[in-house]
Amino acid sequence: MVAARGVAILVVLGLAIALGSLASDGGPAVRSITVAAVQGGGRRGLDKEQVDPATVLAAQLRATRPLFEVSPPTTLVLWPEDVIALAGPLRGSPQGALMAEEARRLHATLVAGVTQPASATAFRNEIVVWDAHGRIVGTFEKVHRVPFGEYVPYRSFISHFANLSEVPTDAIAGHGTGLLRTPAGPLGALVSFEVFYADRSRSSVRAGAELLIVPTNTSSYATAQVPTQEVAADAVQAVETGRDVVQAAPTGYSSVVDQRGRVLQRSVLGRQDLLTATVPLRRGFTPYDHLGDLPFLVLAAVALLAAWAHQRRTARHS
């Protein structure tokens, strides 16, 4: 009986490996674009309250300068999450005008993370897209927020037991698939923490995304542990969806990962860096794009039922 179970397990594993090698990886490239992931650099292990927003923005601008000399222009320029932190609305702000001018000078689609207040107790964490004419042509608001980092669940209750001054306002939860239709192509946005949620990439790919982008900010982590986990999550998302992934972080890691999960480029933590790559856009679906988590949930249920049945049989014969 034990030998039979062992053979069955080996057969299942063999089939899984064979199916994995034959599974669609997003199909052939529809076309390719040039992408730049901009990393401003700076000291790590600091909270946002400890760094002047103007310093972060200035670092991003300096790191972007080499792209002004590139000919032909880069198609897509990706900045990290929340590197533009505002005290008021983006529209009409000096930072908004600056970004519009930056996009015009780059002759490119420019994507950047923006935080702006929504009320006295809430703020928005958005990804904003400027076209080569300096016009805002798309926005996406982060859906999966970081608990106790971007918002405090049950704030009124927890405030009786803890000091919540470091998270004074709550991020508003966004909605939608994460698809951004841009002049550079249809992009699937995974904002930082969202890269750990497979449903976010799948929803954007099924809506039409041909490339995944990950604007993130892991600057408050002093070690490489969380940035390393995030690059590993990029690789998982790439394999699941059959899409290349480009990530930009203020102090790293920024990265470029192909649709088979291979890390083609990765920046140095803390350093000003500029990753440039030619990446393909794809429209094909993988089995995960089609089916999502359902097969794995069914297999988990079957395994639990089999274990329960085995335990019952063992108990009867003992």
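Described below are features of the structure shown in this document. What you see is a predicted model; the values in this text were computed from it and never measured.

Observations regarding the packing of aromatic side chains
With the rule as written, the count across this model stands at two aromatic pairs. When the centroid spacing of 5.4 Å and the interplanar angle of 75° are considered together, the rings of Phe 193 and Tyr 197 count as edge-to-face. The class for Phe 193 is partly exposed, based on a relative accessible area of 23%. Over the ring of Phe 68 we find Arg 105; its NZ or CZ atom is 4.0 Å from the centre of that ring. Stacked on the ring of Tyr 253, the Lys or Arg Arg 266 has its end atom at 4.4 Å from the ring centre.

A few points about the packing of helix H5 (residues 198-207) against helix H6 (residues 225-241)
Interaxial distance between H5 and H6 falls to 10 Å at its minimum, and their mutual angle equals 40°. With respect to H6, the element H5 is oriented oblique. Of the two possible hands of crossing, H5 and H6 adopt the one that is right-handed. Contacts between H5 and H6 pair Ala 198, Ser 201, Arg 202 and Val 205 from the former with Gln 237, Glu 240 and Thr 241 from the latter. Looking at the contact of H5 with H6 residue by residue, the classes come out as two nonpolar, three polar and two charged.

Focus on the sheet that holds strand E8 (residues 179-182)
What the six strands build is an open sheet, ordered E8-E9-E10-E11-E12-E13; its pairing is mixed. Either end of the sheet is taken by a strand with one partner, and the two such strands are E8 and strand E13 (263-266). Strand-to-strand, the axes of this sheet are offset by a mean angle of 20°, without reference to chain direction.

Rules and cut-offs
- Residues numbered from 1 in each chain as written.
- Predicted model: local features only at pLDDT ≥ 70, side-chain atom pairs only at ≥ 80, totals over all residues.
- Heavy atoms only, no water.
- Phe/Tyr/Trp six-rings, centres within 6.5 Å; stacked < 30°, edge-to-face > 60°.
- Buried < 20%, exposed > 50% of the residue type's maximum accessible area, 1.4 Å probe, protein only.
- Lys NZ or Arg CZ within 6 Å of the ring centre and 35° of its normal.
- Axes fitted to C-alpha atoms, helices over the stretch in contact; angles between N-to-C directions.
- Helix = DSSP H or I, 4+ residues; strand = E, 2+ residues; numbered from the N terminus.
- Parallel < 35°, antiparallel > 145°, perpendicular 65-115°, else oblique.
- Left-handed = near helix turned anticlockwise from the far one by under 90°.
- Contact = heavy atoms within 4.5 Å.
- Nonpolar A, V, L, I, M, F, W, Y, C, P; charged D, E, K, R; others polar.
- Pairing = 2+ DSSP bridges.

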